[in-house]
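Here is what each chain is made of, one letter per residue.
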Amino acid sequence: MKRHVVFILLLISTITASQAQDNTRANTIYTGTAQPFVTNIAPLGAQRGTTVTMTIEGSNLTGASEVLWNKPGVASKITFNTETAREMPKLAEGQTGQLVIDKLVRNKLTIETTIAADAAPGIYNYRIKTPMGTTNLGSFVITGLPDVAEKEMNDSLMDAQEITLPASIGGAIGRAGDSDSYKFKAKQNQTLVFQVLAAAFGSRLDSVLTLLDANGKTLASNDSGNGGADSLLGYTFFEAGEYVIRITEFEKQKPAGMGYRLQISEALYIASVFPMGLQQGTTAEVEAAGFNLGTERKFKLTAKPQAVWDDFLWFQPTLAKGSAIAPLRIPIGRDPEVMETAEAHNTLATAQILAIPSTINGNIQNLKAKTSESDFYKFTAKKGQAIVFEVAAQRFGSMLDSVIEIFDKNGQLVPRATVRCEWQTNLTLRDANSNGSGIRIESWNGMQPGDYVMTGNEILMIDRLPKGPDEDTFFVADPLTGDRVGMFETTPEGHAINSPIYKVSVHPPGTKFSSNGLPTVTLYYRNDDGGALFGKDARLTFTAPADGEYVLKLSDVRGLHGYNFGYRLSAHEPRPDFSIVADLLNPNVPLGAARPITVTANRIDGFAGDIDVKLLDLPAGWTATPGTIKAGQNSTVLILAASEKAVGGFSLKIQGTALIGKQRITRHVDTHEKLSLVSTAPAPELTVFTDVQRLTVEPGGTVSMTASIKRHKGFAGRVPIDVRGLPHGIITTDVGLNGILIQPEETAMRFTIEVQPWVKPGEQPFYVVARIETTSPQRQDFAYAVPIVLTIKAKENTASVGRK
């Protein structure tokens, strides 16, 4: 009887599992085909002068024919390409509804890669070429050291993996809280350099290196080499013996799979030079600091004749001990170079004279002082004169986290503005980090896009209000990074839940108000983070309130100092300029279809004019729309279209031109490191079109339109619609929590465009882009190739509405 019961239970279990699988299939919607992409590579690097067998895992790599590298000296041949079964995704526990799965095949490539003996050490980028186009960008480390693979378990001092030096170790932090330990022998007075490469090639690892003796005593530790996430440690061993180097994750709670290369050698390593840079068109002598330099510490460098904003040269010398194991970026400036004086200038009274324009090379270093050192610089300015102060430090290898402040001749901070708080609400739901553009607030009654708000020490501008209580309020973000921007050069910071957030108005300094029960705050000339392209380097635009003498204070925001806290302080009147970047450098364009490319400008020193953007040197069969980044805007959209007979295999050349003053300036998107390549792909699974090509609306008004799609090749998924090219002050409404979304059973959706009252009249082209949702990091976006022109028509017989 028991055997019958067991059989029945097994039968019921089998039927239940089969029904569950049938139910999963019934509730599954297969969307479109994912673009080809790579997920893993092993090993992460290799020694030059060797041939290595690489394994690359990814999806939709069937028919892969070539590995493309961005630098010479590497040649690869795909020897095997195997398809593996995809594990069927499942709904999360408690989740209901339909499971959306894209079409893809898992692949594992075996690749034989030969590295030339003279290949330069460093990070090499690659893409895989397939019939569907090229993959996302991958990275590979080439070193001059023997390759060693990590062997688990090697967590503890007792289980440390024994290695012979020199070595380049390929490993991974395999789980949260994991650590990898390596045991080695060192000679007396031997100086070894321990260098982690992880974040440098895209790994999520924020490494910490700890050097231990044989008894487990900590000798040295580092969690931030030259200001970055990758650790760097140099150490001279005074006794011969066995030692252990341990690598861990800084937070110890991140998910597994964070690869790294740990390089250990007596190699020459240049951590910094002083002065940190040089002027364009000049030759200058610099002195290097680092490890294993010997007596060869001074070098002559020559800068290019004409430099652009934030220009630099690569410095990687070859000495008696060999080449430096990593190149160093040396900034090139446009102004006369000045050295920090040897005399103390760390008080207001002893401030060094700063000429405008000039660049001062200095160092926050006072090893004898018990308190941190600050450097002071004295300058004169005329009333209304604007001066830009820029610090180059961390982004060029210095440990300095700079902050700059402006004082008057009496030692008082110079006020920039008076901020009046007019209405209060609070942060809710969660803490706010220091970079996210969306913050959840309790109430937004009386707020409008374009209003200023203040929370903590930062002032923000509202970009988009929530449509309901379950949405964030979005603030103006940096067009390059998406991080929120602190207005008036305030620094974004973290805020705890329930912190107050005020709607504010900004007035000239010293303005007086009657009390409204809310704070009135004085905003001073101070900055410690210059923005997206400056990282933690400070940048401040100062407008002199009166003729006179002023003093700039430069220090480390943490109060730290040392020999490797060098900086370059540039002071000059505004030089309007720009640079441009593109969000898609390897478009895989289906024959007969089009892909959108968003080009974003970095506007420098207040340049706010038009920037005309276009694609150059397109071969036959290819067309592209031009675009204009209009005055006061940050991006435009280009549409790259392939005919049915188009042939790919060329690099993108994207040019931007603008009239600055009386001179037309030309800038190009830098595509070399990102390995730009345009490819053709099979016919699309989706096309998109609209019911109008021109719309007219008044400021403060709304206008509606319809986006429609046509599905091909059995594609049945939902389709998010993106409206690209609308500037600040013009938004789409009548959309759900997921934006403009065409459901699987639908072929069109109508939505509304709303124009804020303060938007100026003019014409604004924009594009409608449809997306197929996939798991690939390369988005499947398809554009309606014709721009829709939105005409903003001035209201008749109505005074213009001023922006707050």
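Residues numbered from 1 in each chain as written. Predicted model: local features only at pLDDT ≥ 70, side-chain atom pairs only at ≥ 80, totals over all residues. Heavy atoms only, no water.

> Explain the overall build of the protein to me, and be specific about the residues and the numbers.
Tallying secondary structure elements over the protein gives one helix and 66 strands in all. For the protein, the C-alpha radius of gyration of 29 Å lies close to 28 Å, the compact-globule estimate for 804 residues. The dimensions of the protein, computed from C-alpha atoms along their principal axes, are 90 × 85 × 65 Å. Looking at the 804 residues of the protein, the share that counts as buried comes to 49%. Looking at the protein alone, contacts between residues at least 24 apart form 72% of all its contacts between residues at least 6 apart. Accessible surface, the protein as shown: approximately 37300 Å² in total, 51% of it carbon and sulfur. (Helix = DSSP H or I, 4+ residues; strand = E, 2+ residues; numbered from the N terminus. Rg over C-alpha atoms; globule rule 2.2 N^0.38 Å. Buried < 20%, exposed > 50% of the residue type's maximum accessible area, 1.4 Å probe, protein only. Contact = heavy atoms within 4.5 Å. Areas by Shrake-Rupley, 256 points an atom, 1.4 Å probe, with all protein chains shown as cover.)

> An account of the nonpolar core is needed here, citing residue identities and associated values.
Of all hydrophobic cores here, the largest spans 32 residues; its most connected members are I721, I753, F766 and L790. Among the secondary structure elements, those contributing two or more residues to this core are β57 (686–690), β58 (694–697), β59 (702–711), β60 (719–724), β62 (740–742), β63 (748–755), β64 (762–772) and β66 (788–792). In contact with I753, other than residues within four places in its own chain, are L695, G701, T702, V703, M705, I730, I731, T732, F766 and L790. Counting residues in each nonpolar core, the second largest holds 27 residues, with A393, L540, F542 and L554 among its members. (Core = buried A, V, L, I, M, F, W, Y, C linked by side-chain atoms within 4.5 Å.)

> Residue-level account of the sheet that holds strand β23 (residues 278–279), with values.
Sheet architecture is open: three strands sit in the order β23-β29-β26, paired in mixed fashion. Taken across any chain shown, the strands that pair with only one partner, and hence form the sheet edges, are β23 and β26 (312–315). One ladder, built from four bridges, connects β26 with strand β29 (residues 328–333); its direction is antiparallel. By the bridge assignment, F315 is partnered in β29 with L328. (Pairing = 2+ DSSP bridges.)

> Tell me what's going on with the side chain of R568, and back it up with residues and numbers.
Inspection of the secondary structure assignment puts R568 in strand β46 (residues 566–572). Polar side-chain contacts of R568 include one of 3.4 Å to the backbone oxygen of G277. (Polar contact = N/O pair within 3.5 Å; in protein donor to acceptor, adjacent residues only side chain to side chain.)

> Explain the environment of L659 to me, and be specific about the residues and the numbers.
Tracing the chain through its elements places L659 in strand β54 (residues 654–660). Separated by 47 residues in sequence, L659 and D612 place their C-alpha atoms 9.5 Å apart.

> I'd like a rundown of unusual backbone geometry, residues and numbers included.
Between E152 and M153 the backbone carries a cis peptide bond, its omega angle lying at 0°. Inspection of the secondary structure assignment puts M153 in the loop between β12 (147–149) and β13 (161–162). With omega at -5°, the peptide bond leading from F274 into P275 counts as cis. By the element assignment, P275 lies in the loop between β22 (269–274) and β23. Of note, the phi angle at N292 is positive, near 60°, even though the residue is not glycine. Residue classification places N292 among the buried positions, given a relative accessible area of 13%. Positive phi values are uncommon outside glycine, yet N498 reaches one of about 75°. As for its position among the elements, N498 is in the loop between β40 (473–475) and β41 (500–507). The exposed category is assigned to N498, whose relative accessible area is 52%.

> So, the confidence of the model for the protein: which residues are in play, and what are the values?
Per-residue pLDDT for the protein has a mean of 88; in total, 91% of the residues score no lower than 70. Here residues 1–26 is a poorly scored stretch, pLDDT under 50, and it has one contact once near neighbours within four places are set aside; other chains count. Every residue in residues 799–804 is under pLDDT 50, and counting partners more than four places away or in other chains gives 10 contacts. (pLDDT = per-residue confidence, 0-100.)

> So, the pattern of salt bridges: which residues are in play, and what are the values?
A complete count under the given rule lists 27 salt bridges for this structure. Note that K503 and D451 form a salt bridge whose closest N and O atoms lie 3.6 Å from each other. Here K503 is found in strand β41, whereas its partner D451 is found in the loop between β37 (438–439) and β38 (452–455), with 52 residues between them in sequence. We note that K503, like D451, is buried. The salt bridge involving R771 is made with D781; its shortest N-O contact spans 3.1 Å. Taken together, the positions of R771 in strand β64 and D781 in strand β65 (residues 780–783) put the pair 10 residues apart, joining distant regions of the chain. R771 sits in the partly exposed class, given a relative accessible area of 22%. Each of E390, R416, E489, R539 and D605 takes part in salt bridges that share partners, so that together they form one network. (Salt bridge = Lys/Arg side-chain N within 4 Å of Asp/Glu carboxyl O.)

> Explain the packing of aromatic side chains to me, using residue names and the numbers behind them.
Summed over the entire model, instances satisfying the criterion amount to 19 aromatic pairs. For the ring pair W69 and F140, a centre distance of 5.9 Å and an interplane angle of 65° mean the geometry is edge-to-face. Highlighted residues: W69 in strand β5 (residues 66–69) and F140 in strand β11 (residues 138–143), separated in sequence by 71 residues. With a relative accessible area of 0%, F140 lands in the buried category. By the ring-pair criterion, three or more aromatic residues cluster together here, those being F184, F194, Y235, F237 and Y243. The ring of F474 is capped by R464, whose NZ or CZ atom sits 4.4 Å from the centre of that ring. Positioned over the ring face of F782 is R595, at 4.7 Å from the centre of the ring. (Phe/Tyr/Trp six-rings, centres within 6.5 Å; stacked < 30°, edge-to-face > 60°. Lys NZ or Arg CZ within 6 Å of the ring centre and 35° of its normal.)

> Run through the sheet that holds strand β52 (residues 627–629), naming residues and quoting values.
Read across the sheet, four strands follow the order β52-β50-β54-β55 without closing on themselves; strand pairing throughout is antiparallel. The strands lining the two open edges of the sheet, one partner per strand, are β52 and β55 (663–668). Within the sheet, the average angular offset between the axes of one strand and its neighbour, ignoring direction, is 25°. Taken together, the three bridges between strand β50 (residues 611–615) and β52 define a ladder with antiparallel strand orientation. Bridge assignment links V613 to a residue of β52, and that residue is G627. (Axes fitted to C-alpha atoms, helices over the stretch in contact; angles between N-to-C directions.)

> Please set out the pairing of strand β18 (residues 218–222) residue by residue, giving values where relevant.
Sheet topology places strand β17 (residues 207–213) next to β18; four bridges connect them, and they run antiparallel. Each bridged residue has a counterpart across the sheet, and for T210 the counterpart in β18 is S221. Hairpin connection from β17 to β18: four residues lie between these consecutive antiparallel strands, with G216 at a positive phi of about 90°.

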